[in-house]
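The primary structure of each chain is shown beneath.
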Amino acid sequence: MTRHLLTGTELDRDELGALLDRADALKAAPLSSRALEGRSVALIFEKHSTRTRLSFEAGIFELGGQPIVLRRDELHLARGESVGDTARVLSRHVAAIGLRTGPDALLEELAAASDVPVFNMLTAGHHPCQALADLMTLRAQFGRLEGLKLAYVGDGNNVARSLALVGAIAGVEVTVASPAGYALAGDSAHATLTDDPAEAVAGAHAVYADVWVSMGDEQTADARRSALAPFRIDDALLDRAAPGAIALHCLPAHPGEEITPEVLYGSRQRIWDQAENRRHAQKALLELLVR
Ligand code: CP
């Protein structure tokens, strides 16, 4: 049975814990695994990326493998070849396939036709690789995940959903604070929802920000900036969280919008560790998927 990672909910709590243990080990010894020796991994990008592309390319190289970055407009996919046929051909050449796209249905279609593991590098609905790095960062800070409280403040988007879903597997209590019209939809049973940032961060161990205008939301940028303005993470909001609380952000940041420069570059953030941990967590994921 080919294993995929489309939402992160494919992992149970024990597997997630083991994956994070491996991520810590790989962070301590980045060249200690040759899990992809002599093999290639296809990385298909239909949207922009800095961290995801960089961390997967570097991580696959560190595992002894070769990343092959493919942009949709370079593939026959852009000229009408089906997603299924693309998956069938890629499966004959690579050990795994990553996809960054819009529709979750397209990722699911790719996985259904693939004989090798498919992993989600961001869709409209989910960003599980980001959540894995975030949990790794939280665990490094607090020494545990069970019982931690994370407050996500802002647009109830794919990152919020993955934090809620994957966090729930690990025992992290996620609260999402969003203005009317931007609340987390869908699998929100895994998160507590509110429209009050102060209520969300009360007792939180981590306060999480994401951009107000995600890729594809550019046409509604003005309305988003207006609605989300009270949902900025600043020192005053962090002061309302638990003592020792940290600030997180999946990046890219827009200092002065969703987060102040004082928090983004200050002593309470672990944001740049998050960005690094993408590589370690994803290497552990690849080890699991290609096993
Ligand atoms: N956080 C994240 O996915 O960053 P990129 O969009 O740069 O890959």
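Further up the page is the structure itself.
The present account deals with the structure reproduced in this document. Since the model is a prediction, treat every value here as computed from it, not as a measurement.

What counts as what
- Residues numbered from 1 in each chain as written.
- Predicted model: local features only at pLDDT ≥ 70, side-chain atom pairs only at ≥ 80, totals over all residues.
- Heavy atoms only, no water.
- Helix = DSSP H or I, 4+ residues; strand = E, 2+ residues; numbered from the N terminus.
- Rg over C-alpha atoms; globule rule 2.2 N^0.38 Å.
- Buried < 20%, exposed > 50% of the residue type's maximum accessible area, 1.4 Å probe, protein only.
- Near = heavy atom within 4 Å.
- Polar contact = N/O pair within 3.5 Å; in protein donor to acceptor, adjacent residues only side chain to side chain.
- Areas by Shrake-Rupley, 256 points an atom, 1.4 Å probe, with all protein chains shown as cover.
- Pairing = 2+ DSSP bridges.
- Axes fitted to C-alpha atoms, helices over the stretch in contact; angles between N-to-C directions.
- Right-handed = clockwise from strand over helix to strand, strands pointing away.
- Parallel < 35°, antiparallel > 145°, perpendicular 65-115°, else oblique.
- Left-handed = near helix turned anticlockwise from the far one by under 90°.
- Contact = heavy atoms within 4.5 Å.
- Nonpolar A, V, L, I, M, F, W, Y, C, P; charged D, E, K, R; others polar.
- Core = buried A, V, L, I, M, F, W, Y, C linked by side-chain atoms within 4.5 Å.
- Salt bridge = Lys/Arg side-chain N within 4 Å of Asp/Glu carboxyl O.

Turning to the overall build of the protein chain, a few remarks are in order. Helix and strand content of the protein chain: 11 helices and 9 strands. In terms of C-alpha radius of gyration, the protein chain reaches 19 Å, essentially the compact-globule figure of 19 Å for 291 residues. Dimensions of the protein chain along its principal axes, counting C-alpha atoms only, are 55 × 40 × 30 Å. Each of the 291 residues in the protein chain was classed as buried or not, and the buried ones make up 57%.

Take the site of the ligand next. Every residue lining the ligand is accounted for by S49, T50, R51, T52, R100, H127, Q130, C250, L251 and R278. Between the ligand and the protein, one listed contact pairs an oxygen atom with a backbone N or O atom of R51 at 2.8 Å. The side chain of H127 places a nitrogen or oxygen atom 2.8 Å from an oxygen atom of the ligand. Considering the ligand on its own, with 260 Å² of exposed area, one finds that the protein chains cover 94% of that surface.

We now examine the sheet that holds strand 7 (residues 191-194). Strand order in the open sheet made by the 5 strands is 7-6-5-8-9, with parallel pairing throughout. Taken across any chain shown, the strands that pair with only one partner, and hence form the sheet edges, are strand 7 and strand 9 (246-249). Strand-to-strand twist of the sheet, defined as the mean angle between neighbouring strand axes without regard to direction, takes the value 25°. Note: strand 5 (residues 149-153) against strand 8 (residues 206-209), 4 bridges, orientation parallel. If you follow L150 over to strand 8, its bridge partner there is A206.

As a further point, take the pairing of strand 1 (residues 40-45). Of all 6 residues in strand 1, 6 are buried; the element is thus mostly enclosed. Alternating residues of strand 1 divide into S40, A42 and I44 and V41, L43 and F45, and every residue in both groups is buried. Taken together, the 6 bridges between strand 1 and strand 2 (residues 66-71) define a ladder with parallel strand orientation. Looking across to strand 2, one finds that V41 is bridged to P67. A crossover connection joins strand 1 to the parallel strand 2 through helix 2 (residues 51-62); in handedness this β-α-β unit is right-handed. Note that strand 1 and strand 3 (residues 96-100) share 5 bridges and pair parallel. Following the sheet pairing, F45 is matched in strand 3 by R100.

Two numbers describe how helix 5 (residues 128-142) lies on helix 6 (residues 158-170): the axes approach to 9 Å, and their chain directions differ by 50°. In terms of their interaxial angle, helix 5 and helix 6 are classed as oblique. For helix 5 against helix 6, the interelement crossing comes out right-handed. Residue-level inspection shows P128, A131, L132, D134 and L135 of helix 5 in contact with helix 6, the latter providing S162, L163, V166, G167 and A170. Class assignment of the residues belonging to the contact of helix 5 with helix 6 gives a composition of 7 nonpolar, 2 polar and 1 charged.

What follows covers the nonpolar core. In terms of nonpolar packing, the biggest core is built from 54 residues, with L16, L43, F119, L135, L138 and L150 touching the most fellow members. Not counting residues up to four positions away in its chain, the partners in contact with F119 are L5, V41, L43, F56, A96, I97, G98, L99, L107, L285, L286 and L289. Within the second largest apolar cluster, 24 residues are counted, among which are A200, A221, I233 and L251.

As a packed pair, helix 5 and helix 11 (residues 271-290) sit with axes 8 Å apart at the nearest point and diverge in direction by 110°. The angle between helix 5 and helix 11 falls in the class roughly perpendicular. Where helix 5 crosses over helix 11, the handedness of that crossing is right-handed. Note on element contacts: helix 11 touches helix 5 through D273, Q274, N277, R278, H280, A281, Q282 and L285, opposite C129, Q130, L132, A133, D134, M136 and T137. Counted by class, the contact of helix 5 with helix 11 contains 6 nonpolar, 6 polar and 3 charged residues.

What follows covers the pattern of salt bridges. In total, this model carries 16 salt bridges according to the counting rule given. The salt bridge involving D155 is made with R224; its shortest N-O contact spans 3.0 Å. One end of the pair, D155, is in the loop between strand 5 and helix 6; the other, R224, is in helix 8 (residues 221-228), with 69 residues separating them in the sequence. Residue class for D155 comes out buried when judged on its relative accessible area of 7%.

A few words on the environment of D239. Within the secondary structure, D239 is located in helix 9 (residues 235-239). D239 sits in the exposed class, given a relative accessible area of 54%. Separated by 90 residues in sequence, D239 and K149 have C-alpha atoms that sit 15 Å apart.

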